[in-house]
Amino acid sequence: MSDVPDRIRACRHCAPRFRATASAHEPAPVVWFERGARILVASQAPGMRAHLSGKPFDDPSGVRLRQWMGMDENTFWDRRNVAIVPMGFCFPGYDAAGGDIPPPKVCAEMWRKPALQHAGDPPVTLLIGGYAQAWHLGKGKVTDRVRDWRALAPRVWCLPHPSWRNTAWLKRHPWFEAETLPALQSAIREALA
Ligand code: SF4
């Protein structure tokens, strides 16, 4: 039997759902993890750019995320360093306001446990956005969790989504860049050392 990444790459479960969206796209799972990575990025779902390129965080959100992590592109996209396991492996489509539709719940039900088991137990995990945080930690508010980073650091870090939509959030919460990010970058440097 093929291994977990190959089985996810071959998944077309959501084809009817995606064909019914405005973009009418086909499933194209973006699978970017292997055993033994040092950092786990538990994220939401690929955007349209990652859908087209097959590379996760290949967009402005990724630029911001790498800045937050203090990481260059080569280090970030080296699967020995970073495992990216989203709540949905495919681009889910756009809603009426032009935002991304939430990741289909069925994807986490089908693939999340085997994918995380395959990735192993990296010393640092980033939980990005409300969907990943709810799956890993249960109910809670993103801002409260991000503000309370010391409760889970240095192994687990709750972050807002690095989308441009959260630029106003970043301005309202300057402690995130002043205090949280230096501590996160220090934990990442240690995990990669
Ligand atoms: S989103 Fe997940 S479950 Fe749906 S087709 Fe893609 S890999 Fe399969």
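Scroll up to find the structure.
Chains are numbered independently. Their residues run from 1 in the order of the written sequence. Reporting of local features is limited, given that this is a predicted model, to residues whose pLDDT is at least 70; pairs of side-chain atoms are given and counted only at 80 or more, and all residues count toward the totals for whole chains, interfaces and linings. Heavy atoms from the whole structure form the basis of all side-chain values; hydrogens and water molecules are not counted.

S.K.: What is the right way to look at the overall build of the chain in this model?
M.R.: Secondary structure summary: the chain contains 10 helices and four strands in total. For the purposes of this entry, the term helix denotes a DSSP run of H or I that reaches at least four residues, the term strand denotes a run of E that reaches at least two, and both are numbered from the N terminus. Ordered by position in the sequence, the α and β elements of the chain form the string α-α-β-α-α-α-β-α-β-α-α-β-α-α. Over its C-alpha atoms the chain spans a radius of gyration of 16 Å, differing by no more than 12% from the 16 Å that the globule rule assigns to 193 residues. C-alpha extents for the chain along the principal axes are approximately 45 × 40 × 30 Å. Relative accessibility decides the category of a residue: with a 1.4 Å probe and only protein chains considered, values under 20% of the type maximum give buried, values over 50% give exposed, and everything between is partly exposed. For the chain, buried positions account for 49% of its 193 residues. It is over C-alpha atoms that the radius of gyration is taken, and the globule rule equals 2.2 Å times the number of residues to the power 0.38.

S.K.: When you look at unusual backbone geometry in this model, what are you seeing that I'm missing?
M.R.: For residues that are not glycine, phi is negative in most cases, and the peptide bond is trans in most cases. In this structure, the amide linkage connecting Ala-153 to the following residue, Pro-154, adopts the cis form with an omega of 5°. Turning to its location among the elements, Pro-154 is positioned in the loop between helix 8 (142–147) and strand 4 (156–159). Residue Ala-24 is not a glycine yet carries a positive backbone phi of 45°. Within the secondary structure, Ala-24 sits in the loop between helix 2 (15–19) and strand 1 (39–42).

S.K.: Before we go on, may I ask you to explain the environment of Asp-121 in this structure?
M.R.: Mapped onto the fold, Asp-121 is located in the loop between helix 6 (105–119) and strand 3 (124–128). Judged by relative accessible area, which is 66%, Asp-121 ranks as exposed. Note: C-alpha distance between Asp-121 and Arg-38 (83 residues apart in sequence) is 8.4 Å. Counted as a polar contact is a pair of N or O atoms within 3.5 Å, where, for protein atoms, one must be capable of donating a hydrogen and the other of accepting one, and residues adjacent in sequence contribute only when both atoms are in side chains. Only 3.4 Å separates the side chain of Asp-121 from the side chain of Arg-155, close enough to count as a polar contact.

S.K.: What's the story with the nonpolar core in this structure? I'm lost.
M.R.: Soluble globular proteins tend to bury their nonpolar side chains together. Counting 34 residues, the largest nonpolar core has Ile-39, Val-41, Leu-65, Met-69, Phe-76, Leu-126 and Phe-176 as the members making the most contacts within it. For this core, the secondary-structure elements that each account for two or more residues are strand 1, helix 4 (60–69), strand 2 (82–84), strand 3, strand 4, helix 9 (167–172) and helix 10 (175–192). Here the element with the most residues in this core is helix 10; it accounts for seven residues. Note on contacts: a residue pair is in contact if any heavy atoms of the two residues lie within 4.5 Å. What Val-41 contacts, discounting residues up to four positions off in sequence, is Phe-57, Leu-65, Met-69, Val-82, Ala-83, Ile-84, Val-85, Leu-126 and Ile-128. Throughout this description, the term nonpolar core refers to a set of buried Ala, Val, Leu, Ile, Met, Phe, Trp, Tyr and Cys residues connected via side-chain atoms within 4.5 Å.

S.K.: For this particular structure, what's the right way to read the packing of aromatic side chains?
M.R.: The relative placement of two aromatic rings is captured by the distance of their centres and the angle of their planes. We call Phe, Tyr and Trp rings a pair once their centres come within 6.5 Å, taking the six-membered ring for Trp, and we label the pair stacked below 30 degrees between planes, edge-to-face above 60, and tilted otherwise. Per the stated rule, a full pass over the model turns up nine aromatic pairs. For the pair Phe-57 and Phe-76, a centre-to-centre distance of 6.2 Å together with 85° between the ring planes defines the contact as edge-to-face. With a gap of 19 residues between them, Phe-57 in the loop between helix 3 (48–53) and helix 4 and Phe-76 in helix 5 (residues 73–76) connect regions that are remote in the sequence. Judged on exposure class, the residue Phe-57 and its partner Phe-76 are both buried. Between the aromatic rings of Trp-169 and Phe-176, the centroid separation amounts to 5.6 Å while the plane-to-plane angle is 80°, which identifies the pairing as edge-to-face. Judged by its relative accessible area of 0%, Phe-176 falls in the buried class.

S.K.: Explain the pattern of salt bridges here, please?
M.R.: When their charged atoms lie close together, side chains carrying opposite charge are able to pair. One speaks of a salt bridge when a side-chain nitrogen belonging to Lys or Arg is within 4 Å of a carboxyl oxygen belonging to Asp or Glu. The final tally for this structure, using the stated rule, is six salt bridges. Between Glu-26 and Arg-19 there is a salt bridge whose closest N-O contact spans 2.9 Å. Given a relative accessible area of 39%, Glu-26 falls into the partly exposed group. With its nearest N and O atoms 2.7 Å apart, the salt bridge here joins Arg-80 to Asp-78. The exposure class of Arg-80 is exposed, given its relative accessible area of 57%.

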